[in-house]
Amino acid sequence: MTVVEPASPGSPLEPMIGRNCALDLFDRALCAARAGQPSLLEFAGDPGCGKTRLLRELAVRAGQAAVPVLAAAGRDGDRMLDALGDPAAAVTQAARRPGPVAGARVLLLDDLHLAPPAVAALLARFAQAPPAGLLLVVAYRPRQMPGWATAALGGVVQLNRRTFTLSPLDPDGVAALLGVPDGRAGQRVHRLSGGVPRYVLAYRPEALDGAVAALRGLPAELPFEVTAAVQLDVDALEADQREMLEAVSVCAEGFEPNLAGALACRDPAATSDLLDGLVAADLLRTDPALAPTLRFRHEVDRAVVYRSLSPGRRRRLHAVAADLLRDLGHPVTRYAEHLSAGGQCADPTAADALIEAAEDPQTPRLDAIRWLTGVRWRLPDAGPVDPRRIRLDFASADALVGAGRLRQARTLLQDLSRRALPHEDQRVRALVARARVERLLGRPFDAYALLLPRLDAPAGPRARFEMTVEAAVAGALCGAAGAGQHARDLDRLADQLGEPGCRTTATVVRCFVAAHVDCGFPAEEALGRVSSEVDALADDELARHPDLLALLAWAEHLLERDRSALHHLDRALDICCRAGLVALTPWLLIGRCAVTCRLGSLDRALSEGEDAEEVAVAMGVEPMVGLARAYRAIALAWRRGPAAARQLAETAVLDAATRRPNWYDGVSQRVAVRLRFLAGDRVGAASALLRACGGGELDQVEVSGRACWASSLAEMTHRAGRRDEALRWLAVAGRHAQRLRLRGQSAMVRISRARLTLDTDPRGAAELAGAAADSFADIGWRLDEASARLVRARALCDVREWTAAEVELAEARRIADLVGSPPLRRTVAGVQSRAAGAAGRSPDGASRGELTLTRREWDIARLVAAGASNAEAAEQVYVTVKTVEAHLTRIFRKTGVSSRAALAALLASGAVNYRGPG
């Protein structure tokens, strides 16, 4: 064991992430050691969890406390005893000196699992007669702990012994370690790394590139410190073990013993012994659920070993693996990578196998592109209508779309469309794929224009169904009048196919279309049923139809089923991440931004919006970039105010005028105008919003949002002094809300009506705002609920119902604190100040005669307002719980409030005081 010089006091180290509990445990033990109490701390953890880094930090802390430190590591084997012989005696002798600090010593033993057995005697001596003030800290890997070490630690009875397991970091800790925002990239790396710090750092170069890179695997170059740490474990192996480990490193998906033996050219008995040794060294692990499959303890370890192989040896090993797995009857996806890396793409049989594997929806799209590119390079030239060439091009187009390379896919699909394809269904397939690419590029009008002339062309039932699905979705997004009819046609086409999955797809598409255009379909009734049907589908089935979850989630969001939408967005993102499907990622992230903002999770909404914008920029989808900015601006307005969000919203519509009308740009334009109005720039706002809505019929607004935007037009025209026009828009909003019967939209109309009647009929405005607040609370729209409660509070102040107004203000303030919205808090404070002034209350909160409490009532009121329960309040003032309940009854009767929240608001306002004896 080599003595390691600890860091000197004050030496700069990177901040520790997620290890506060371990540091606190050491600090307490160090204080005990300085008082003369010996202790033993054990830090157990898997490789890479940060044990060595933690011990370095402990050495610094001990040095800063002026406590001598002896540090040693067990990796150097027999030199351990030479290093610890004299220092151990020195520690024992120094620890016997008088004085609490002079005798304190810290002994740090890292990698105890690698120490020689002779260390057992040393540990036994410390255990039997521990020197006063000795703090012994050991770190080890529990999977590799030898029996003697476990027995030696188990014999420690005289020391104060504490064991601490270093668990993986959570997603927040991963983001902090990477130095990235707590967003999709951090979550993705957390899943890939398992939260183990060493493996987290292996993904650092990709994570720093943002959300797009987070969809990929390991970077091309691993950090040196990660490679060096893994290589240390590999170098400690015997030659035969190292050769076996290198041979099986070509098996990214795991391997069975017979495959390992074939790769390493070993007989079964030798293979078994070598694999057992590698499992004991914790470089390989078994999965009980997949026995007898083995795999590396982590993909990072496999990558380090694999990349150390020479190119020629890699090819030979892959070729052997491909032949064996194919002969054993494994599915083609299991050995496709071996075929590609083994250089067998030129063989027609292997080429067909690679194309088949690339067509599998669970295959990562980047892998599929790489395999198909190899096939294209090595296959001899074939004619444009050669069956293998056509299949290769369709598979390549699908892979390019999935990977987000939409323009490359469009070029390939245009070439396919120009060919004289032998089958009509192939021509329809190329047309539908091309239209989908246009839609994903934010050009639903172009997609619809491609499909519309061909909808009546002869084709098979499957091709006609898929073409009608795409026409319905693209038509809804560009506001086409025929979208509703296309959605209705889907039921008939699904019946012709007779497949349950087609019926589910038809219902999802009809719900999505019904949220955008008025097609007479009862989407609210169908959503619950079809949501259950989609939830019952397996992930591999949903990966074959990646749009299904996205369309369902957006339909649920637009039709006010936000929590269900969030569930489906999360599942869709998880499937997309596993398969490397980038194309849908911005749409899904924007959906999460919209849903989480509406539900009051502003930090999450801002993070999702930033990730969505980054992916959309990387893909070059300008309308989606604008939509991401628009939804992010909504969250930013609640976090920093409309003025701060206005600039971001206006950048979302810079290029919208150069594109044909579509839903994405329409939303961005309406949000920008609304934020401009809220920021105080109201000149021409109503006219600009009307243009963004498509005119008086609101043609460019999705049908599920027309009540909301008609209400906004009513408020804008009312502020402009055009009351009659405002009332007309309120009537329009009311008709849309009544037709849809969506609670949120109806509440939007009520709150707009309350704002318009606040000056003329405050009592009626209070009733309208109260009903709106209750509806918003029921569906979880916290921010809208707070806004409605503020309107109600203002109306109640106008009719001099101060106590009821305080209740509303207290609830609005609670929501503002809960969601973290300083602008909302400032608005609440402003209304409270105006209310206090109107009520004749002085700023210092002088009491009013009818709201005086006795001293006992005052004490109980303050405790309850601070959050104490009746029992806790009774304990504080030394009375019974029943006495507290009686006092509370009198307090509520005196103050006129009926809840603890209202009482807290009343006390905070200074409207209550106490007088007289208790």
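Residues numbered from 1 in each chain as written. Predicted model: local features only at pLDDT ≥ 70, side-chain atom pairs only at ≥ 80, totals over all residues. Heavy atoms only, no water.

Asker: Could you give an account of the overall build of the protein chain, naming the residues involved and the relevant values?
Answerer: In terms of helices and strands, the protein chain carries 46 helices and ten strands. When the 918 residues of the protein chain are sorted by exposure, 55% land in the buried category. Counting contacts in the protein chain only where the partners sit at least 6 residues apart, residues at least 24 apart contribute 68% of the total. Put simply, the protein chain shows about 38200 Å² of open surface, and 51% of that area lies on carbon and sulfur atoms. (Helix = DSSP H or I, 4+ residues; strand = E, 2+ residues; numbered from the N terminus. Buried < 20%, exposed > 50% of the residue type's maximum accessible area, 1.4 Å probe, protein only. Contact = heavy atoms within 4.5 Å. Areas by Shrake-Rupley, 256 points an atom, 1.4 Å probe, with all protein chains shown as cover.)

Asker: With reference to specific residues and values, describe helix α30 (residues 585-598).
Answerer: Here α30 contains 14 residues, and its C-alpha end-to-end distance of 20 Å stays within 8% of the 20 Å for a straight helix at 1.5 Å per residue. Among the 14 residues of α30, 14 are classified as buried, and the element is accordingly described as predominantly covered. Looking one or two residues beyond α30, the residue adopting positive phi is Gly-600, at roughly 95°. (Expected span 1.5 Å × (residues − 1).)

Asker: If you had to explain unusual backbone geometry to someone new, which residues and values would you point to?
Answerer: The phi angle at Asp-111 is positive, at roughly 50°, despite the residue not being glycine. Tracing the chain through its elements places Asp-111 in the loop between β4 (105-110) and α4 (119-128). Looking at Asp-111, the relative accessible area reads 9%, which means it is buried. At Arg-741, a residue that is not glycine, the phi angle is positive and equals roughly 60°. Following the sequence through the fold, Arg-741 ends up in the loop between α37 (723-740) and α38 (743-757). Arg-741 sits in the exposed class, given a relative accessible area of 73%.

Asker: A description of the environment of Arg-529 should follow, citing residues and the corresponding values.
Answerer: You can see Arg-529 is positioned in helix α26 (residues 523-535). For the pair Arg-529 and Thr-507, spaced 22 residues apart in the sequence, the C-alpha separation amounts to 9.4 Å.

Asker: So what's going on with the side chain of Ser-39? Which residues, and what values?
Answerer: Within the secondary structure, Ser-39 sits in strand β2 (residues 39-44). Of the residues examined, Ser-39 reaches a relative accessible area of 2% and is grouped as buried. Those residues in contact with Ser-39 that sit more than four places away from it in its chain are Leu-134, Leu-135, Leu-136, Leu-159 and Asn-160.

Asker: Can you explain the packing of helix α1 (residues 20-34) against helix α2 (residues 51-64)? Please cite residues and give values.
Answerer: Following both chains from N to C, one finds α1 and α2 inclined at 40°, their axes separated by 11 Å at the closest point. At the point where α1 passes α2, the crossing takes the right-handed sense. Along its contact with α1, which presents Ala-22, Leu-23, Phe-26, Asp-27 and Leu-30, the element α2 presents Leu-54, Glu-57, Leu-58, Arg-61 and Ala-62. Residue composition of the contact of α1 with α2, grouped by class: seven nonpolar, no polar and three charged. (Axes fitted to C-alpha atoms, helices over the stretch in contact; angles between N-to-C directions. Left-handed = near helix turned anticlockwise from the far one by under 90°. Nonpolar A, V, L, I, M, F, W, Y, C, P; charged D, E, K, R; others polar.)

Asker: Residues and numbers for a positive patch on the surface, please.
Answerer: A grouping of Arg-682, Arg-719, Arg-794 and Arg-834 is seen on the molecular surface, where their side chains present a positively charged patch. Secondary-structure assignment places Arg-834 in helix α42 (residues 822-838). (Patch = residues over 30% accessible without salt bridge, like charges linked within 9 Å, V, L, I, M, F, W, Y side chains within 5 Å. Salt bridge = Lys/Arg side-chain N within 4 Å of Asp/Glu carboxyl O. Lys, Arg positive; Asp, Glu negative; His and termini not counted. Charge placed at Lys NZ, Arg CZ, Asp CG, Glu CD.)

Asker: Any details on the pattern of salt bridges? Residues and values, ideally.
Answerer: Overall, the coordinates contain 68 salt bridges when judged by the stated rule. For Asp-446, the salt bridge is made with Arg-660, and the minimal N-O distance between the two is 3.0 Å. Taken together, the residues Asp-446 in helix α22 (residues 444-451) and Arg-660 in the loop between α33 (642-651) and α34 (663-678) connect sequence positions 214 residues apart. Between Arg-792 and Glu-808 there is a salt bridge, and its shortest N-O distance comes to 3.0 Å.

Asker: Before we move on, can you summarise the confidence of the model for the protein chain with the specific residues and values?
Answerer: Of the residues in the protein chain, 90% have a pLDDT of 70 or more, and the chain-wide mean is 86. The element-level mean pLDDT for the protein chain is lowest in strand β1 (residues 2-4), coming to 41, with helix α28 (residues 547-558) highest at 96. Across residues 1-12 the pLDDT falls below 50, and counting only partners more than four positions away or on other chains, this stretch makes 33 contacts in the model. Scored below 50 in pLDDT, residues 86-101 makes 21 contacts in the model with residues more than four places away or belonging to other chains. (pLDDT = per-residue confidence, 0-100.)

Asker: Describe the packing of aromatic side chains, and please don't skip the residues or the numbers.
Answerer: All told, the structure shown has seven aromatic pairs when counted by the stated rule. Aromatic side chains Phe-512 and Trp-587 sit 6.1 Å apart centroid to centroid with 90° between the ring planes, which places their arrangement in the edge-to-face category. Here the residue Phe-512 occupies a position in helix α25 (residues 500-516), and Trp-587 occupies one in helix α30, the gap between them amounting to 75 residues. Comparing Phe-512 with Trp-587 shows no difference in burial state: the two are buried. Pairing Trp-554 with Trp-663 gives two aromatic rings, centres 5.4 Å apart and planes at 85°, and the pair type is edge-to-face. In this pair, Trp-554 is assigned in helix α28 and Trp-663 in helix α34, connecting sequence segments 109 residues apart. Each member of the pair, Trp-554 together with Trp-663, is buried. (Phe/Tyr/Trp six-rings, centres within 6.5 Å; stacked < 30°, edge-to-face > 60°.)

Asker: Describe the pairing of β4, listing the residues and the values that go with them.
Answerer: Counting buried positions along β4 yields six of six residues, so the element is predominantly enclosed. Side chains Arg-105, Leu-107 and Leu-109 of β4 all project onto a buried face; the interleaved residues Val-106, Leu-108 and Asp-110 project onto the opposite face, where all are buried too. Pairing between strand β3 (residues 69-73) and β4: five bridges, direction parallel. Bridge pairing in β4 links Leu-70 to Leu-107. Examined bridge by bridge, β4 and strand β5 (residues 134-140) share five bridges and lie parallel to one another. Of the residues in β5, the one forming a bridge with Leu-109 is Val-138. With respect to chirality, the unit in which β4 leads through α4 into the neighbouring parallel β5 is right-handed. (Pairing = 2+ DSSP bridges. Right-handed = clockwise from strand over helix to strand, strands pointing away.)

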